Amino acid sequence: MNRRIQKCRIGFWGGFLMAAALGGCGAVEQGRTFVLPPLEKQMTDPEIFRIDQIQQYIGSGYAENVICLAWGDPGTDLLYLLKKDHGGYVYQVVDTGEDTVLNSIFVDDRPLENASISPGGEYLSYEVQDGEGMKLIVLCPRQGARQILHGWERPEETFSYIWSDDGTLLFSWQNGDTGDAYEEWQVTRYEMETDPEAGFRCKVVRFQMKGHGRARRSVCPNADGSEIYVREQLGTSYNWLLLPDTVTVEALPEYSETAVWPVRYTQAGLFVQEESGDLYLIGDIRSKPVKTKLLSGNEGAYDPFLCVCVNGDHVFLMEWVNYSMYQISGLCIADGEADGQPVVLYKDNYESLNRINIVGDQAVVFWGEEFLENNGYRYKVTVLRYHG
């Protein structure tokens, strides 16, 4: 297998990083060098982001065969991925430093939907059609064990999923645009447990929610899954806080006169993005919400994709500069306010970007597709480890 990992340890504050490609395409390995701005142009303010390590892994083969992936803890060099292989699907653990596959497990030969790897790579969740119905399954690769978490008879009924930051909790909810949206729907927390003697098992907590029509539903758990923020909106908006430990539901006051898209529920508060692209932080959501604007959107232009760290003190933006060039910017949040303007941290060429997420509050990980001369694509993963 033709893969290559590049590491670059650097000591600069803020500023641009431009990845310049060297060598050819196709089956030829592609090396990369990272060009820093002159020292006199680098910012030295310790309050600005500092990137101290860049890792990049370029996979051979076609990118469309990679269904999903997750990067391990910073410093481990481990990559977890689900890919198509000989008519089926396999789950692999790759040591990117040694360029070796440490483990490969057969998953299923049926088409998979909504596949997702938990942070840390301990679990893989996916849906399959079984007869006339659907099933949600979780695979524990370390033990090679599978468990059916949920089954339903109407394939047109669709679900969304999100993992907790520690990779032990899976949250599920029914989308509000399929089936009978006025029926009761559920928000479910699946708690994964793996014991050397007892094996793999799962605890379940379910919340029954009343449907209000074909609304847009958002579910944002906090870092440890002890609180779950839920919003349903289409014209009228409804907000709740679900508390799994006591299986109770708290109705929350409304905080916005316009439609918003919840981004992350953190210790600092609830981050939301309006349709205008503006980013807000909502504090004290339980009693008297306080709405603070952090960032203005680009009216009439492509709004950036946002992700927020677990502590709510770092925000990252992915923006396309042109049809094949993107940039990653970082914004610090201090005491509920934006600390300055976003700082451009990295630029690179990607034909498409599939996902961007944060590992703990240590690294930004993103992956996408890179064009090859033979009209194919290969996948590329970039990891920026940061301090700020």
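Notes on the structure follow.

What counts and how
Residues numbered from 1 in each chain as written. Predicted model: local features only at pLDDT ≥ 70, side-chain atom pairs only at ≥ 80, totals over all residues. Heavy atoms only, no water. Salt bridge = Lys/Arg side-chain N within 4 Å of Asp/Glu carboxyl O. Helix = DSSP H or I, 4+ residues; strand = E, 2+ residues; numbered from the N terminus. Buried < 20%, exposed > 50% of the residue type's maximum accessible area, 1.4 Å probe, protein only. Pairing = 2+ DSSP bridges. Axes fitted to C-alpha atoms, helices over the stretch in contact; angles between N-to-C directions. Polar contact = N/O pair within 3.5 Å; in protein donor to acceptor, adjacent residues only side chain to side chain. Contact = heavy atoms within 4.5 Å.

1. Examining the pattern of salt bridges
Part 1: Summed over all chains, the structure comprises 20 salt bridges.
Part 2: K291 is the partner of E274 in a salt bridge, and the nearest nitrogen-oxygen pair spans 2.8 Å. One end of the pair, E274, is in strand β22 (residues 269–274); the other, K291, is in strand β24 (residues 290–295), with 17 residues separating them in the sequence.
Part 3: A salt bridge links E370 to K380, with the nearest nitrogen and oxygen atoms 3.3 Å apart. With E370 in strand β31 (residues 363–371) and K380 in strand β32 (residues 377–387), the pair connects residues that are 10 residues apart, well separated along the chain. Of the two residues, E370 and K380, both sit in the buried class.
Part 4: Linked by salt bridges that have partners in common, D108, R110, D130 and K135 make up one network.

2. A short note on the sheet that holds strand β19 (residues 236–243)
The strands making up a sheet associate through backbone hydrogen bonding, with each pair oriented either parallel or antiparallel.
Part 1: Read from one edge to the other, the open sheet built from four strands follows the order β17-β18-β19-β20, with strand pairing classed as antiparallel. The sheet terminates laterally at β17 (216–221) and β20 (248–252), the two strands that pair on one side only. Recorded for the sheet is a direction-independent mean angle of 20° between the axes of neighbouring strands.

3. What about the side chain of Q233?
Part 1: Looking at where Q233 falls in the secondary structure, it is placed in strand β18 (residues 228–234).
Part 2: On the basis of relative accessibility, which here comes to 6%, the residue Q233 falls in the buried class.
Part 3: Here the side chain of Q233 touches R231 through a polar contact of 2.5 Å, side chain to side chain.
Part 4: Not counting the four nearest positions on each side in its chain, Q233 is found in contact with A215, R216, A259 and V260.

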